[in-house]
Amino acid sequence: MSNTSKSPWLIHYDGSSCNGCDIEVLACLTPLYDIERFGIINTGNPKHADIFLVTGSVNEKNAPVIRQIYEGMLEPKAVIAVGVCAASGGVFRRCYNVVGGIDRVIPVDVYVPGCAARPEAIIDGVVKGLEILEKKRDTVRASKNKISEVS
Amino acid sequence: MGKRTVIPFGPQHPILPEPVHLDLVIEDEKVIEAVPSIGFIHRGLEKLAEVREYPELVYVIERICGICSFGHGLGYVTAVEGLMGVEVPERADYLRTMWHELSRIHSHMLWLGLTADALGFESLFMHTWKVRERILNMFDLTTGGRVIHSVCKVGGVRRDVEEEMLDRIVSEVRETRKETRKLTDVFLRDTSVKSRLCGVGILSKEDAEELCAVGPVARASGVYQDMRLNGMCKYGELGFEPVIGEGGDCYARCKVRISELNQSFDIVEKTASVMPDGPVEVQVRGPLQAGEFMMRLEQPRGEALYYVRGNGTRYLERMRVRTPTNMNLPSMVRMLQGCDLADVPVIILTIDPCISCTER
């Protein structure tokens, strides 16, 4: 874990998931899997969060909520879609009230497979997200430096 | 007489992993009225019955809810078996009973953990979930999945459990019981936990009956009601007697669930000891019979109702599920009236809401 310099906090939102992935996300936070050893804490405030973890697919009603949380988060930020529903709609793909995966509304950085996604897979996804976050942080820093050079 | 304010609660709220929205009308610190609005997780999966053949549909039905997934699968296959007049082998029925009780243990422990979290008692939440992992591990070893099991099928179960595995389940359940006792002592005796639960969110017996509460919520208010008495699975043979509480406050609901937890440990041990030999499935072929069938099942959260209507094809004409949280929402709104704003998360949690069941 040499690639993280900060302790990233995550925010979790349940799109239209069946709870399967959500309780596995919670299981990640608890002693057996203990994602907190990477400095990760589950927060309820988008402004505090660096990683947005979404489970479940998008429908008409929750799309604005997902967008609102995403926009509330400060740059740099990473989005992780957990489970097949968040990737494509999964088993509910043919339901009338399912629009599709999370990438129909916001850009996604990491897709975690599985129905329900296993905690190991979620942790792997989050660690991949951390790398992306680090890269984005560098980009933000570089552009800031450039701006200060110009001005 | 203070000014009335409306406070929105949810859909994204740290206390609940699921989205539910409440408009809380408050006066000073007291909640006058709570107006729930749902629909964030509606998928419309009952409609999928028209495009998925009936043996396939069980995978969709299991995913109504990831917490009570076994119960949903069980309810659906039992309803289809009833429609087609299929007799399930003894052993399959006992295995289903065992898994169903294991899923009740995992669901109730999940609830205990979330309640501890809602109380602000984070270490208790962590400990409860640590103990719960033992049960999930047993599911993983016997069914191949931690939360979605896909082990029920029309005509029986997909996998058998070997003798050694049964012994292991029994020993794991004994260990879990030992560890749970320490935790439940905290829930039932700790002063800080009691001060948050006792006398909060009272639902009288009359209200529970009038508002059609189900499951532990109804039983904590003293209503004698449990669908396991209706002859589902093998509960009749196992000498089952429901846990009835009194008082109808948050503490009573917590106590009922803890007693049910101990009862489920007993039932799992008992099923493992009386498990008969034999096949675990019968072949079910051909189209569905025309006709309809309805069955009721006791899930961890209460009574769930399954209705299926066949029309002679391989597709169900109508599939309907009524889930326990749906029935408990009116009771929740009643409990919230007059409570303190700070108690709202705890009261919402004590009905053990499962929004993805409710909205499907």
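Preceding this section is the structure that the text describes.
As the structure is a computational prediction, the values presented were derived from the model and not from experiment.

J.: When you look at the overall build of chain A in this model, what are you seeing that I'm missing?
T.: Per the secondary structure count, chain A includes four helices and five strands. When the helices and strands of chain A are read in sequence order from the N terminus, they spell out β-α-β-β-α-β-α-β-α. With respect to the principal axes defined by its C-alpha atoms, chain A has extents near 55 × 35 × 25 Å. Within chain A, the proportion of its 151 residues that are buried is 48%. Taking contacts inside chain A between residues at least 6 apart in sequence as the whole, the part at least 24 apart equals 80%.

J.: When you look at the overall build of chain B in this model, what are you seeing that I'm missing?
T.: Per the secondary structure count, chain B includes twelve helices and eight strands. At 20 Å, chain B has a C-alpha radius of gyration in line with the 21 Å of a compact globule built from 360 residues. In terms of overall dimensions, chain B has a C-alpha envelope of 70 × 45 × 35 Å along the principal axes. Residue pairs at least 24 apart in sequence account for 69% of intrachain contacts in chain B once pairs closer than 6 positions are excluded.

J.: I tried to follow the sheet that holds strand E8 (residues 316-322) of chain B on my own but got confused; where do I start?
T.: Residue and element names in this part refer to chain B. The strand order across the open sheet built from three strands is E6-E7-E8, with neighbouring strands paired in antiparallel fashion. The sheet is open, and its two borders are formed by strand E6 (291-299) and E8, each paired with just one other strand. For this sheet, the mean angle separating the axes of adjacent strands, direction not counted, is 10°. Here E6 runs beside strand E7 (residues 302-310); their pairing, made up of nine bridges, is antiparallel. Opposite glutamate 298, over in E7, you have glutamate 303 as the bridge partner. Running over the sheet, helix H10 (residues 324-336) touches E6, E7 and E8 and is turned about 130° from E7.

J.: Just checking my understanding: could you explain the interface of chain A and chain B for this structure?
T.: By convention, interface size is frequently given as the accessible area that disappears when the constituent parts associate. Every contact between the two is made by 33 residues of chain A and, on the other side, 35 residues of chain B. Contributing elements (two or more residues each) for the side of chain A that touches chain B: strand E1 (10-14), helix H1 (20-29) and helix H2 (63-72) of chain A. With six residues, H1 of chain A is the single largest residue contributor to the side of chain A that touches chain B.

J.: What is the right way to read the packing of helix H2 (residues 69-84) of chain B against helix H3 (residues 90-119) of chain B from this model?
T.: The packing of two helices is summarised by the inter-axis angle and the distance between the axes. All names here are of chain B. Direction vectors running N to C along H2 and H3 enclose 145°, while the axes themselves pass 8 Å from each other. In the crossing of H2 with H3, the sense of the turn from one axis to the other is left-handed. Contacts between H2 and H3 pair Phe70, Gly71 and Leu74 from the former with Arg96, Trp99, His100 and Ser103 from the latter.

J.: Would you explain the sheet that holds strand E2 (residues 21-27) of chain B in this entry?
T.: Each strand in a sheet pairs with another by means of backbone hydrogen bonds, the pair being arranged parallel or else antiparallel. Residues and elements named next belong to chain B. Read across the sheet, three strands follow the order E1-E2-E3 without closing on themselves; strand pairing throughout is antiparallel. Among the strands making up the open sheet, the edge pair consists of strand E1 (4-9) and strand E3 (30-37). The mean inter-strand angle of the sheet, taken between neighbouring strand axes irrespective of direction, is 20°. Inspection of the sheet shows E2 paired to E3 by seven bridges, in the antiparallel sense. Of the residues in E3, the one forming a bridge with glutamate 27 is lysine 30.

J.: Honestly, unusual backbone geometry in this entry has me stumped. Any pointers?
T.: Excluding glycine, residues mostly have negative phi values, and the peptide bonds linking residues are mostly trans. Cis peptide bonds are those with omega within 30 degrees of zero, and the linkage from glutamate 75 of chain A to proline 76 of chain A qualifies with -5°. Position of proline 76 of chain A relative to the elements: it lies in the loop between H2 and strand E4 (78-82). The phi dihedral of aspartate 28 of chain B falls on the positive side, at around 55°, and the residue is not glycine. By the secondary structure assignment, aspartate 28 of chain B is in the loop between E2 and E3. On the basis of neighbour counts, which here come to 12 C-beta atoms within 10 Å, the residue aspartate 28 of chain B falls in the exposed class. A positive phi angle, close to 55°, is found at cysteine 212 of chain B, a residue other than glycine. In this fold, cysteine 212 of chain B is placed in the loop between helix H7 (205-210) and helix H8 (215-220). By C-beta crowding, cysteine 212 of chain B is classed as partly exposed, having 14 other C-beta atoms within 10 Å.

J.: Can you help me understand the nonpolar core in this one?
T.: Core analysis: the biggest nonpolar cluster contains 156 residues, and Val54, Ile80, Ala81 and Val82 of chain A have the highest contact counts within it. Discounting chain neighbours no more than four positions away, the residues touching valine 82 of chain A are Cys21, Val25, Leu53, Val54, Thr55, Val112, Ala117, Ile122 and Gly125 of chain A.

J.: How should the environment of alanine 121 of chain A be read in this particular structure?
T.: Residues and elements named next belong to chain A. Among the structural elements, alanine 121 can be located in helix H4 (residues 119-150). Take alanine 121: there are 18 C-beta atoms within 10 Å of it, and that puts it in the partly exposed class. Separated by ten residues in sequence, alanine 121 and tyrosine 111 place their C-alpha atoms 10.0 Å apart. With near-sequence residues (within four places) excluded, alanine 121 lies in contact with Val112, Pro113 and Gly114.

J.: Sorry, what's going on with H3 of chain B here?
T.: Because an α-helix packs 3.6 residues into every turn, residues spaced three or four apart end up facing the same way. Residue and element names in this part refer to chain B. Over its 30 residues, H3 extends 44 Å from the first C-alpha to the last, a length consistent with the 44 Å expected when each residue adds 1.5 Å. Most of H3 sits inside the fold, with 28 of its 30 residues counted as buried. Remark: glycine 120 follows H3 within two positions and exhibits a positive phi of approximately 90°.

Basis of the calculations
- Residues numbered from 1 in each chain as written.
- Chains lettered and ligands numbered in written order.
- Predicted model: local features only at pLDDT ≥ 70, side-chain atom pairs only at ≥ 80, totals over all residues.
- Helix = DSSP H or I, 4+ residues; strand = E, 2+ residues; numbered from the N terminus.
- Buried ≥ 20, exposed ≤ 12 C-beta atoms within 10 Å, placed from the backbone.
- Contact = placed C-beta atoms within 7 Å.
- Rg over C-alpha atoms; globule rule 2.2 N^0.38 Å.
- Pairing = 2+ DSSP bridges.
- Axes fitted to C-alpha atoms, helices over the stretch in contact; angles between N-to-C directions.
- Left-handed = near helix turned anticlockwise from the far one by under 90°.
- Core = buried A, V, L, I, M, F, W, Y, C linked by C-beta atoms within 7 Å.
- Expected span 1.5 Å × (residues − 1).

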